[in-house]
Structure formats: structure tokens, C-alpha cells
Amino acid sequence: MIKKLIQKVFGGAKSRSGAARSVKVGAQSHELRIYRQAEHGIDRRDISEAALRICEGLQQAGYEAFVVGGAVRDLLLGRHPKDFDIATSATPEQVRQIFRRSRIIGRRFRIVHVMFGPETIEVTTFRGAGDASGALASEAADTEPETNTSAQTNELAPDDIESEQRSRRRPRDGRRNLPLGPVSQADEHGRLLRDNVFGSQEEDAIRRDFTMNALFYDPSRQEIWDYVSGVPDIQKKRVVMIGDPIERYREDPVRMLRAARLAGKLGFAIDAATMKPIAELSPLLENVPSARLFDEMLKLLLSGHSLLCIEKLHALGLHQQLLPVIDSLLNNEESRPFVTLALQRTDQRIADDKGVSPAFLFAALFWFPMQKRQQALEAGSMRTLQAMHEAMDDALEMQRKTLAIPRRFDVMIKELWLAQPRFLQRSQAKAHRTLSHPRFRACYDFFELRAAAGDASTEVAEWWEKFQFADEDVRETMLLPDDDPKKKRRRKRKKTGDGPDTIKQQDDIELPSLPTETA
Ligand code: ATP
Ligand code: MG
């Protein structure tokens with residue numbers, strides 16, 4: 001199906017070839033190839049209204065403006081883009097002047113958020129190639145946590161320079177893209193700034209990561225401008241790094257993760273030269289700020305192709321720096337079906353446009369390591385509940401060394417785990433209490449997932465499926481006798497005030513040890 005579509009989209013490109021010309025950037029020469037609508041087949045109606053209007057507004061004001069990056073790639077593949085980013089020759093201030101509902105974000109990497117109806121579009125000034133060290137999104141993530149996510153999508157945003165210096169207006173000059181030349185060496189305080197942070201369109205193209213991500217689409221001319229042979233690489237379904245892969249990974253090691261994610265998500269092969277250095281350079285990920293790694297991991301897990309992406313990550317050995325636990329999860333007979341199903345269901349929910357909870361996913365990824373730890377602690381004669389609490393902390397702490405899942409997810413992850421033994425208790429007193437758990441549905445879904453993967457009893461899961469929707473009188477008939485009515489309730493612990501009530505509540509129920517559950 002995709003093949004057909006690609007044939008349809010690209011079929012005539014050779015015979016009706018668009019304009020091509022050679023462009024020199026630094027020592028390298030790039031041939032610009034322009035694809036017309038009949039060649040690329042993109043339908044303007046598939047582009048968001050906001051992106052179209054913003055490009056129009058910028059062009060009318062005399063600037064160049066293009067839809068760029070992942071959106072153009074996805075449109076060529078007949079996919080629905082997640083978002084539409086715009087690259088322009090206008091500086092952030094100039095963009096800001098044109099659109100009243102806009103704001104400049106980021107201190108070092110200034111980009112503009114333009115609000116249009118319900119949409120917010122990121123508009124980035126063409127970035128120059130003069131900055132060889134690559135003023136990276138990882139730095140942006142460091143300095144600007146609040147614009148963390150945007151910082152990633154605007155890898156190519158310009159560095160921070162004074163507005164007057166930036167306000168050099170460059171009129172739209174048809175197909176000519178003259179480099180801006182050095183913008184500034186120092187700001188008003190004498191702080192040295194990098195030369196050439198704004199650049200020409202072709203410089204902007206070669207600063208991007210992969211050829212498939214460096215395409216520019218001009219909605220008014222309905223043309224794709226390709227400086228890096230991105231169109232044929234998409235046609236060949238290949239992830240190809242722009243420039244020297246080793247250098248580009250050193251500049252920003254996250255590009256290795258992006259290669260894995262995009263290959264998994266798009267079903268592309270990673271080009272041999274792009275793949276080769278990964279094995280050696282993957283330890284560089286250790287130097288990437290953990291918040292950025294976490295963001296990238298989340299993108300991967302929520303890509304709609306999490307299973308394929310995780311497998312790619314594993315095959316490339318990149319999981320070692322992120323989720324070392326994947327090794328044991330995928331290589332273990334017991335845990336593999338559960339983790340695989342959790343990822344498949346996540347992908348399915350995304351395909352169905354349903355919400356996905358990252359906490360649920362993390363709870364699934366660390367469920368087996370947590371249980372293993374609990375069993376070890378219990379074997380050392382620790383009581384079940386205490387062992388579970390300690391194991392939960394240990395499991396979450398263990399991953400924090402690499403991935404750094406933010407602590408705000410801990411509460412929900414623990415809730416999901418702590419609720420699991422409760423599903424085995426189906427007596428009058430306990431079943432109703434479980435049902436009234438504020439996050440019963442998520443906890444039940446987790447139990448059902450375990451049952452579907454052979455990690456819990458399907459009979460018990462079915463019982464709960466029926467019980468939760470049954471009338472009161474039907475419920476009465478379903479309840480089982482109290483497991484141990486004569487057992488004395490333990491004295492309630494004094495509230496300490498730390499941790500959420502939902503977790504402390506657990507302290508007064510008797511839990512069977514895990515995972516020796518039978519219906
Ligand atoms: P997705 O569809 O998952 O959003 P994407 O390619 O659009 O994929 P974004 O993170 O949205 O990914 O980035 C937007 C664009 O910015 C990319 O297409 C690429 O051109 C550029 N880019 C992003 N991250 C980097 C990076 N680390 N190095 C170089 N260029 C990057
Ligand atoms: Mg994107």
C-alpha cells in the first residue's frame with residue numbers, strides 16, 4: 001500500500017524532473033532539486049490551516065517561508081503529520097511583528113510560537129552552519145526546561161543575539177537563497193556570540209539530522225525543495241544522516257535515538273554508514289541530560305510503534321544507556337509476553353486515538369523487575385507488604401540512574417502495582433473497596449493485561465470485568481466468602497503525612513505474597 005503510494009507520488013519525478021541547481025555550503029556542494037506538485041503529489045488540503053496561513057503571511061511580508069521537517073516527510077509517505085513546523089528567513093522579532101498572537105520562546109534558541117485558532121505553530125529562522133560545535137537542543141533542554149519539548153523540535157533555532165542585529169530584513173528573492181553572512185560577534189555586553197547563527201535555507205537544510213527530515217515545502221508554489229536527496233531516500237525507505245555520521249552523533253548523541261525511533265516508526269532501514277558508528281558511540285548518551293533522554297524515550301514509547309522502536313533500540317544496543325532492563329525483559333520467557341503485549345496495546349490505543357498513560361507503561365516495563373526484587377526481599381524473610389514497598393522504591397530508583405522518569409509518575413506507578421494483589425480478594429468487604437479505588441479502571445486494565453499475557457488468572461480478570469458493570473444484586477451473588485474472617489485486623493499505623501493516602505490505605509489489608517496467586 002505504501003509502496004503503491006510512493007510509486008504514485010514519485011513515479012513521474014524522473015521524466016518530468018523539476019529544476020536542479022548546485023549550491024555550495026562551506027566545502028560541500030549540494031544540488032537543489034525542486035519537485036513540483038505533479039511530482040510529489042502532496043495535497044495542500046492535508047496541511048493545517050494555521051501552517052498555510054502563517055506561510056502566506058510571512059511570504060506576503062517579503063520573507064521566505066516553508067513547512068519543514070517531519071511534516072513534509074510524513075505527507076510524502078501519505079501519513080498524517082503530528083505537527084507542522086515552519087522555517088523562515090524572517091528573524092524571530094520580524095515574525096513576532098507580523099503575527100499579533102505570537103510569542104518568542106527560549107533564551108538561547110529563540111523560536112516563535114504563533115497561535116492560530118486552536119493551533120500553535122513553531123516558526124524557526126533558518127539556522128546557519130557556522131556553528132560547528134552544533135549549539136544543540138540538549139543545551140537548550142538544559143538551560144530552558146520549560147521549553148524542553150520545543151527545544152527539540154527546534155534544534156535549528158538561532159542562537160540568542162540582539163534584536164537590532166537580527167532585524168536585517170531579507171526580502172523574498174524567488175529561488176535565490178543568499179547566505180546572510182556573519183550576523184554578530186558580540187552582544188552589547190561584549191559576550192562573544194557565534195558567527196553566522198542565522199543562515200541560508202541550504203545551511204538550515206544541512207544542519208538537520210537525516211535527509212528525509214530536511215525537506216522544505218512551499219505551500220504557495222506547491223513545491224518541495226530538496227538539498228540533500230531526501231526525496232529519493234524516502235522513496236528507498238532509508239534513514240540517512242546528513243554529513244559525516246560520526247561527527248553528527250558527536251555533536252548530538254540523541255540523533256542515535258532518533259535514528260532508531262524514526263526507523264521503527266516509519267519501517268525504514270538505517271543506512272549502513274549511518275548505522276555503523278552507533279555501536280561505538282552509544283556511550284555518548286551518558287552525557288545527555290536525563291530530562292532530554294526521558295523526553296526522547298517518551299516520544300519513542302508514544303510513537304504508535306513502540307514495539308518496533310524498542311526492538312530497534314535493542315538491536316542497536318542503545319537500550320543500555322536508557323533502559324538496560326529491556327535486555328532481561330525481552331530475553332526472559334516469563335516477562336517477554338507481558339512487555340510485548342503492553343507495548344502492542346499502547347500502539348493500538350494510539351492508532352485508535354485513545355489516551356495513553358506513560359505511568360501505566362512504565363509500571364508495565366518495571367513490573368517484573370519489581371516483583372523479582374520483592375521475591376528476593378521476602379526470601380530474606382521480610383514481610384510481604386514491606387517487601388513490596390521496598391521493591392517498588394528499588395525498581396524506580398534503579399531506572400532513575402539511566403532514564404530518570406520524573407518522580408511525579410511514581411505515585412501512579414505504585415498505585416497500579418499495589419492494587420494488583422487486591423484483585424485476588426473478592427469477598428464482600430474487599431471487592432467493594434477495590435472497586436471504589438479512585439483509579440480502579442487503570443488498575444483493572446493492568447490486571448487484565450497481566451491476565452492476557454499469562455501473568456494472572458483470566459478467570460479472576462473475567463470476574464472483575466463482570467463485577468464492575470453488574471447490578472448490585474448480581475454483585476451480591478458473585479462475592480466470595482471472606483478469605484479469613486477470623487483474622488484479626490492489624491492495628492492501623494499512625495499516619496505519617498508522607499505519600500498519598502491511596503498507598504497508605506494499603507497498609508491495613510492483608511496481602512497474599514506475590515506472585516503465588518491462584519484464583
Ligand atoms: P516526529 O514526526 O516524531 O515529530 P520529527 O522529525 O518531526 O519527527 P521533531 O523532533 O519534531 O522530529 O523535529 C523536527 C525537525 O527538526 C526534524 O525533522 C529535523 O529536521 C530537526 N531536528 C530535530 N532534532 C534534531 C537533531 N537532534 N539534530 C538535527 N536536527 C534535528
Ligand atoms: Mg515533528
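All of the points below concern the structure found in this document. Keep in mind it's a predicted model, so treat the numbers as computed, not measured. (Residues numbered from 1 in each chain as written. Chains lettered and ligands numbered in written order. Predicted model: local features only at pLDDT ≥ 70, side-chain atom pairs only at ≥ 80, totals over all residues. Heavy atoms only, no water.)

### Some points on the pairing of strand 7 (residues 119-125)
For strand 7, the tally of buried residues reaches five of seven residues, placing the bulk of the element in the interior. Inspection of the sheet shows strand 4 (residues 85-88) paired to strand 7 by three bridges, in the parallel sense. Bridge pairing in strand 7 places I86 opposite V123. Sheet topology places strand 6 (residues 111-116) next to strand 7; five bridges connect them, and they run antiparallel. Pairing of M115 across the sheet is with T120, part of strand 7. Taking the residues between adjacent antiparallel strands as the criterion, strand 6 and strand 7 are bridged by two residues, where G117 takes a positive phi near 55°. (Buried < 20%, exposed > 50% of the residue type's maximum accessible area, 1.4 Å probe, protein only. Helix = DSSP H or I, 4+ residues; strand = E, 2+ residues; numbered from the N terminus. Pairing = 2+ DSSP bridges.)

### Remarks on the pattern of salt bridges
Counting across every chain of the model gives 26 salt bridges. A salt bridge links D74 to R73, with the shortest nitrogen-to-oxygen separation between them at 3.0 Å. A relative accessible area of 4% places D74 in the buried class. A residue is classified by how much of its surface remains accessible, and R73, at 5% relative accessible area, is buried. In this structure, K414 and D393 form a salt bridge, with 2.6 Å as the shortest nitrogen-oxygen distance. Of the two residues, K414 sits in helix 22 (residues 410-419) while D393 sits in helix 21 (residues 384-400), which places them 21 residues apart along the sequence. Each of R207, R248, E251 and R255 takes part in a single network of salt bridges with overlapping partners. (Salt bridge = Lys/Arg side-chain N within 4 Å of Asp/Glu carboxyl O.)

### Points about the site of ligand 1
Neighbouring ligand 1 are 20 residues, the closest being R73, D252, R255, R261 and K299. Residue K82 places a side-chain N or O atom 2.9 Å away from an oxygen atom belonging to ligand 1. Contacts to ligand 1 include D209, whose backbone N or O atom sits 3.2 Å from a nitrogen atom. Relative to its unbound accessible surface of 590 Å², ligand 1 loses 99% to contact with the protein. Among the elements of the structure, helix 4 (70-76), helix 7 (148-153), helix 12 (254-266) and helix 15 (290-301) are those that each provide at least two residues to the shell around ligand 1. (Near = heavy atom within 4 Å. Polar contact = N/O pair within 3.5 Å; in protein donor to acceptor, adjacent residues only side chain to side chain. Areas by Shrake-Rupley, 256 points an atom, 1.4 Å probe, with all protein chains shown as cover.)

### Remarks on the pairing of strand 4
Of the two faces of strand 4, the one holding D85 and A87 and the one holding I86 and T88 are both buried throughout. Relative to strand 4, strand 3 (residues 65-68) runs antiparallel, the two being bridged by four bridges. Bridging from a neighbouring strand, V67 pairs with I86 of strand 4.

### Thoughts on helix 20 (residues 367-379)
Over its 13 residues, helix 20 extends 18 Å from the first C-alpha to the last, a length consistent with the 18 Å expected when each residue adds 1.5 Å. Residues of helix 20 that are buried include every one of W367, F368, P369, M370, Q371, Q374, L377 and E378, and no others. Packing partners of the buried residues in helix 20 comprise helix 17 (325-331), helix 18 (336-351), helix 19 (358-365), helix 21, helix 22 and helix 24 (440-452). Just downstream of helix 20, S381 is the residue with a positive phi angle, here 65°. (Expected span 1.5 Å × (residues − 1). Contact = heavy atoms within 4.5 Å.)

### Section: the packing of aromatic side chains
Tallying each qualifying case throughout the model produces 21 aromatic pairs. Taken together, a centroid distance of 5.6 Å and an interplanar angle of 85° make the contact between W367 and F446 edge-to-face. One end of the pair, W367, is in helix 20; the other, F446, is in helix 24, with 79 residues separating them in the sequence. There is no split in this pair, since W367 and F446 are both buried. Here the aromatic rings of W464 and F467 are separated by 5.6 Å at their centres, their planes lie at 85°, and the arrangement is edge-to-face. Remark: F467 and W464 occur in helix 25 (residues 458-469); sequence separation between them is three residues, near one turn of the helix. Owing to a relative accessible area of 0%, W464 belongs among the buried residues under this scheme. Connected via pairs of aromatic rings, a cluster forms that spans F423, F440, Y444, F447, W463, W464 and F467. If you follow R475 out to its NZ or CZ, it ends over the ring of F467, 5.2 Å from the centre. (Phe/Tyr/Trp six-rings, centres within 6.5 Å; stacked < 30°, edge-to-face > 60°. Lys NZ or Arg CZ within 6 Å of the ring centre and 35° of its normal.)

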